[in-house]
Amino acid sequence: MANAAYFDILMEMMADPGPVADRLERMRLRHPDCRPLVDQAHAALEREHEVLDDAQLLAELGYVVQGPLGRGGQGTVYEAIKTLADGAGARCTVKLGAARSESMPPWLRRELALTHGIADHHVIAVFAWDRLRDGRWFAARPFVDGVSMASRIKADPPPAVGSREWRQDLRAFARLATTLQAIHDAGRLHGDLTPANIVCTPGGDFVPIDFGMARHADGDGWASARLGGTPGYQAPEGGGGNVDRRAEVFALGAVMRDYFTRRTAAPATDRSRYTLRLRDRTDRDLRAILERCLAPSPDARYQNCKALREDLQALLDHRPTAARPRGPLGRTWLAMQRNPLRAAGTGMLAAASLLAWQESHAAAVSRRDRQSILELADNRLAQQLLVELPQLVPPEPNELPRLREWLQRVQAVSDRLPSHRAMLRATTGRGSTLSNAEAWEQESRREVVANLEQLQQARPEIEARVGLVVAMEQRLQTDATAWAQAIAAIADPAQCPAYAGLRIAPQFGMVPLHVNPRTGLYEFWLPATGTQPRWDASKVDHVAEEGDGIVMVLVPGGEFWIGAQNRDPQAPGFVAAALDHDEGPPALRRVRPFFIGKWEVTKDQWRRWTGGDPSTIPPGSTSELGPVTLMHPVETVSLDAAQAGLRRVGLTVPSEAQWEFVARQDRNGAAFASSNLSADGQQKGCHRRVGQGQANDLGLHDLLGNVYEWCSDKHDHHRREPQGDEPVVNEAATNFVARGLSFKHAQSVARASRRYPRNAASANDDVGVRPVRALR
């Protein structure tokens, strides 16, 4: 039908009186040729009515719908404004299910289980969910501002290789790999990583969204996680099951391929598209990285997203990548790129040294047989195993495959240690009679022997971690009855009203103890950290003693005003002495349920976990408060050391929001460690034994006035903090934050909002650590 005829019919419909739906139906009858057009109009009208109906239902729960963002088989996603208690509005996305049900639908249960408890602020977790009046369920998340990566790929040209934009995008993908690694470390897979499910934020980050196809780990891996995925981004093994984190490495490689080349993904059946044709679109190092990501065999890919991130960072830093190792000339060229000012002055010297090395190396190779070369290659493998050693934490079920694989590789290379020792002894003592090639070989063997011996010394600890994981898995079964009782009590508002019906799952590595009769909160013991602390009925509390492990309190979470201000007594967070530029402005924050230690980590615990004690106020020291013991808090611990030490037992440090939330639960000032200052303000003592004073309303001791406690946030103003309980990660900031003041301060200056900037590598005698753990 001609456009003119369509115009005439449109004018006829506009002149026809009555509701739009009735007019459309009359047009269908009068003009059969226009039925496709009328059907489209009907569908659009029905969608508009659906949006209006959904908006009315959501408005009853405080959500003002701004418009639809997308539709799918599971339901519709809307942009909305959530009205908070103070009248302010928070921008969010609301996913409204398509089906009505009495019980929570599988998609919502899956998203709640798969997004909570992941230690990365780019994983946008559900903060509210409920059932509408018509029986449908919805879930609300903080709104992620930005554009879809799929839209950017279609609309914008690819960044020029080596340009500032190109490097910024590489950094964003490195951060995305870190986020995926955090998801994998929590035993989960995103399941459908595509450009359409990644948001490019105005700040330059790439944030994954839509966890509707995410999966939990199963036993030692993801063997039963048959991922649906999207053609072109699904790994070759994905459709047949038996996938693991390497399938997500493939998906991220496919996303990067499309982003940097602006070539869209091919169907999964088109195996030819797995072979990259990127020579005209990107540089050789990035091409090698992408080719390793997209290798058809999982064993040929990066084995996890952490390894991929390290290669992306090496590319940014002008260092050799694992995907494309460099020879001497290549390494020299990269060094010159890293230090262009020094390169001009040292170029001739480097070239001469390189030629001399190549000559001696060639002579050495000519004198060694093939077996000798293979044995010397063990040095590189040993070095790689030593690099991986600090990362073999925490001891959790999802880490078992990596721990066992590391032990197998160590065993294989250690079997050749006697041969290396024998050949090293054969050249020892010859001194100046060695040729240049033999001297080079001797030095190489000395290095490989030292590295292999270091691996031998480290192996018992990793074997102990494997045994610990197996024991904790068995313990989870042994304590099944205790867990069932704890889960039921926490979910029952009559027994534990503070949790408001919170439903949890058994937590690996934790043992339920009881509901604290004074606080009404459930407390848990971590057997991996030490023996079970004794319960003192007279104090209505646990008593910490040498050899004891961590007791953690399950904090129910909730909303609170973080920070303080000194301007308006009628406004939230008013404190006359507040440092407005640093502690303010106050902001309404929501903290999710989490676990936190009743006490600061003690010197005894730190020694047992790490084998050392960095404290500069050691046991046996004396002060006006008495002798210092192993039950005093460990101090002189940097943030880097604190995080590394806590990772050994599956813990971490709190965010500022988590720390301040619990510090404010103290109506009577009970948590302040009695002042160690004399009347004239002079220091008269040091920190005191943990748990010595009265606990606060949550059962936590010494949050203020004993030692500072590290937080995971960068030191930045509250106005830049995220909306939930995640830490500040502003890369422009250089310092991190310690909270709680210390024994060097008087109670008059102690308040929950005080913040103290510290370098992550610094260590002082009044800074310690309190552990937290996410609810999983």
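Along each chain, the written sequence defines residue order, and numbers are assigned to residues from 1. Local features in this predicted model are restricted to residues whose pLDDT is 70 or higher, and side-chain atom pairs enter the listing and the counts only when it is 80 or higher, whereas totals over whole chains, interfaces and linings include all residues. Here the side-chain values reflect all heavy atoms present in the structure, with hydrogen atoms and water set aside.

1. Thoughts on the sheet that holds strand 18 (residues 594-597)
Here's step 1: Each pair of strands is called paired provided DSSP finds at least two bridges between the two strands. Secondary structure elements are defined from DSSP: runs of H or I of at least 4 residues count as helices, runs of E of at least 2 residues count as strands, and each element is numbered from the N terminus. Taking strand neighbours across the sheet as the criterion, the five strands line up as 11-12-15-18-25 in an open arrangement whose pairing is antiparallel. The sheet terminates laterally at strand 11 (511-515) and strand 25 (772-774), the two strands that pair on one side only. For this sheet, the mean inter-axis angle between neighbouring strands, taken without regard to orientation, is 30°.
Here's step 2: As judged from the four bridges shared by strand 12 (residues 522-526) and strand 15 (residues 550-555), these two strands associate in the antiparallel manner. Orientation is described by axes fitted as lines to C-alpha atoms, over the contacting stretch for helices, and by angles from 0 to 180 degrees between their N-to-C directions.

2. With respect to the pairing of strand 4 (residues 128-131)
Here's step 1: In the sheet, strand 4 pairs with strand 5 (residues 136-142) via four bridges, with the strands oriented antiparallel. The residue of strand 5 that forms the bridge with Ala128 is Ala140.
Here's step 2: With antiparallel pairing between neighbouring strands as the criterion, strand 4 and strand 5 make up a hairpin whose turn holds four residues, including Gly135 at a positive phi of roughly 95°.

3. A few points about the packing of helix 13 (residues 378-388) against helix 14 (residues 400-414)
Here's step 1: For the pair helix 13 and helix 14, interaxial distance at closest approach is 11 Å and the crossing angle is 150°. Taken as axis vectors, helix 13 and helix 14 run roughly antiparallel relative to one another. The element helix 13 and its partner helix 14 pack so that their crossing is left-handed. In contact with Asp378, Leu381, Gln384, Leu385 and Glu388 of helix 13, helix 14 contributes Trp406, Arg409, Val410 and Val413. If an angle is under 35 degrees, it is roughly parallel; if it is over 145, roughly antiparallel; if it lies from 65 to 115, roughly perpendicular; otherwise it is oblique. Left-handed describes a crossing whose near helix is turned anticlockwise from the far helix by less than a right angle; the clockwise case is right-handed. Any two residues having at least one pair of non-hydrogen atoms within 4.5 Å are treated as being in contact.

4. Here's the deal with the side chain of Arg257
Here's step 1: Relative to the assigned elements, Arg257 resides in helix 7 (residues 245-261).
Here's step 2: Here a polar contact means two N or O atoms within 3.5 Å. Within protein one must be a hydrogen donor candidate and the other an acceptor candidate, and residues neighboring in sequence count only if both atoms are side-chain atoms. Side chain to side chain, Arg257 and Asp258 meet in a polar contact 3.1 Å long.

5. Describing the pattern of salt bridges
Here's step 1: Salt-bridge detection follows one rule: a side-chain nitrogen of Lys or Arg within 4 Å of a carboxyl oxygen of Asp or Glu. Taken as a whole and assessed by the stated rule, the structure comprises 35 salt bridges.
Here's step 2: Linking Glu660 and Arg739 is a salt bridge whose minimum nitrogen-to-oxygen distance equals 2.8 Å. Placement of Glu660 in helix 21 (residues 656-663) and of Arg739 in strand 22 (residues 736-739) is noted, with a sequence separation of 79 residues between them. The burial state of Glu660 is the same as that of Arg739; both residues are buried. Think of it in three bands: residues with accessible area under 20% of the maximum for their type are buried, residues over 50% are exposed, and the middle band is partly exposed, with areas taken using a 1.4 Å probe on protein chains only.

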